[in-house]
Amino acid sequence: MIGYVVRTEWKQADQNRALANYDPPSGNRSRTLVVYFSRSGNTELMALEIAKDQQADVIRLGADAYRLGLMGWINAMKDARGQDAAIAPSTVDLSEYDRVFIGSPIWLYSPAPPIMEFVSSNDFTAKDVILFNTFNSKFEDTYIDRFKESVTAQGGHFENHIWVRRGRMTDQIDAEELIAQVRHRLSSL
């Protein structure tokens, strides 16, 4: 089973890489930022679609402990509901932004630790924050509430939560459907 999951993640990453593209607008700086963490590229596709829609700047968070592959998957499952992770960058100057979209996959019903670490390490004073997630089965409101509380503790205002359910690994929507669902969710903001 674990081998199947790891192979599926690699396959998704290859497929998603072909669709993941975004060139931020040149000239005036955006007042919106999209920050995300993604293992196999599902959340990255969502992030880049949001960035296109919002003409936003983009920052991808790196977390070596959770790279694709068996050890990354094991670490992800072990740490799934945690709030601490070694990420890069860990801090970002958010002073130029009014709105920040923050995204990650859902691991064991909770946003992944890299974004929880990002929120606790940054000043969100007077920022509107929107959480976005991709996941296979479901998320639990308890963990979304924990994210909201973290944003508030860092001075931000939690504005909304948008998400796309990919489905179980054996029966997932394709990348084009993921993008269509992101566009639909954005239309309701």
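Let me sum up the structure you'll find in this document. (Residues numbered from 1 in each chain as written. Predicted model: local features only at pLDDT ≥ 70, side-chain atom pairs only at ≥ 80, totals over all residues. Heavy atoms only, no water.)

Along its length, the protein carries 6 helices and 6 strands. Tracing the protein from N to C terminus, the helices and strands come up as α-β-α-β-α-β-β-α-β-α-β-α. The C-alpha atoms of the protein give a radius of gyration of 15 Å, which matches the 16 Å a tight globule of 189 residues would have. The C-alpha extent of the protein, read off along each of the three principal axes, is 45 × 30 × 25 Å. (Helix = DSSP H or I, 4+ residues; strand = E, 2+ residues; numbered from the N terminus. Rg over C-alpha atoms; globule rule 2.2 N^0.38 Å.)

Here we come to the packing of aromatic side chains. In this description, a pair of aromatic rings is defined by centroid distance and the angle of the planes. Considering all chains together, one arrives at 8 aromatic pairs under this definition. Consider the rings of F37 and Y66, whose centres lie 6.2 Å apart with planes at 75 degrees: the pair is edge-to-face. Of this pair, F37 sits in the loop between β1 (32-36) and α2 (42-54) while Y66 is found in the loop between β2 (57-60) and α3 (70-79), placing the two residues 29 residues apart along the sequence. With respect to class, F37 is no different from Y66; both count as buried. Plain terms: the ring middles of F135 and F139 are 5.5 Å apart, the flat faces sit at 85 degrees to each other, and that makes the pair edge-to-face. Both residues of the pair, F135 and F139, count as buried. (Phe/Tyr/Trp six-rings, centres within 6.5 Å; stacked < 30°, edge-to-face > 60°. Buried < 20%, exposed > 50% of the residue type's maximum accessible area, 1.4 Å probe, protein only.)

Taking burial as the measure, the 9 residues of strand β3 (residues 99-107) include 9 buried ones, the bulk of the element. With 5 bridges joining them, β1 and β3 adopt parallel strand pairing. The residue of β3 that forms the bridge with L33 is V100. Here β3 runs beside strand β5 (residues 128-135); their pairing, made up of 7 bridges, is parallel. For F101, the partnering residue across the bridge sits in β5 and is I130. The pairing of β3 with strand β4 (residues 110-111) spans 2 bridges and is antiparallel. In the strand pairing of β4, I106 is matched with P111. (Pairing = 2+ DSSP bridges.)

So, on to the side chain of R99. Looking at the element boundaries, R99 is found in strand β3. In this structure the side chain of R99 is engaged in a polar contact, spanning 3.2 Å, whose partner is the side chain of Q54. In this structure the side chain of R99 is engaged in a polar contact, spanning 2.5 Å, whose partner is the side chain of E159. (Polar contact = N/O pair within 3.5 Å; in protein donor to acceptor, adjacent residues only side chain to side chain.)

In terms of burial, helix α4 (residues 113-120) is largely enclosed, as 7 of its 8 residues are buried. Looking at the buried side of α4, the elements it contacts are β1, α3, β3, β4, β5 and α5 (141-153). (Contact = heavy atoms within 4.5 Å.)

Quick look at the pairing of β2 now. Every second residue of β2 is oriented toward a common face, the buried set being D57 and I59 and the non-buried set V58 and R60. Alignment of β1 against β2, held across 4 bridges, turns out to be parallel. Bridge assignment links L33 to a residue of β2, and that residue is D57. A crossover connection joins β1 to the parallel β2 through α2; in handedness this β-α-β unit is right-handed. (Right-handed = clockwise from strand over helix to strand, strands pointing away.)

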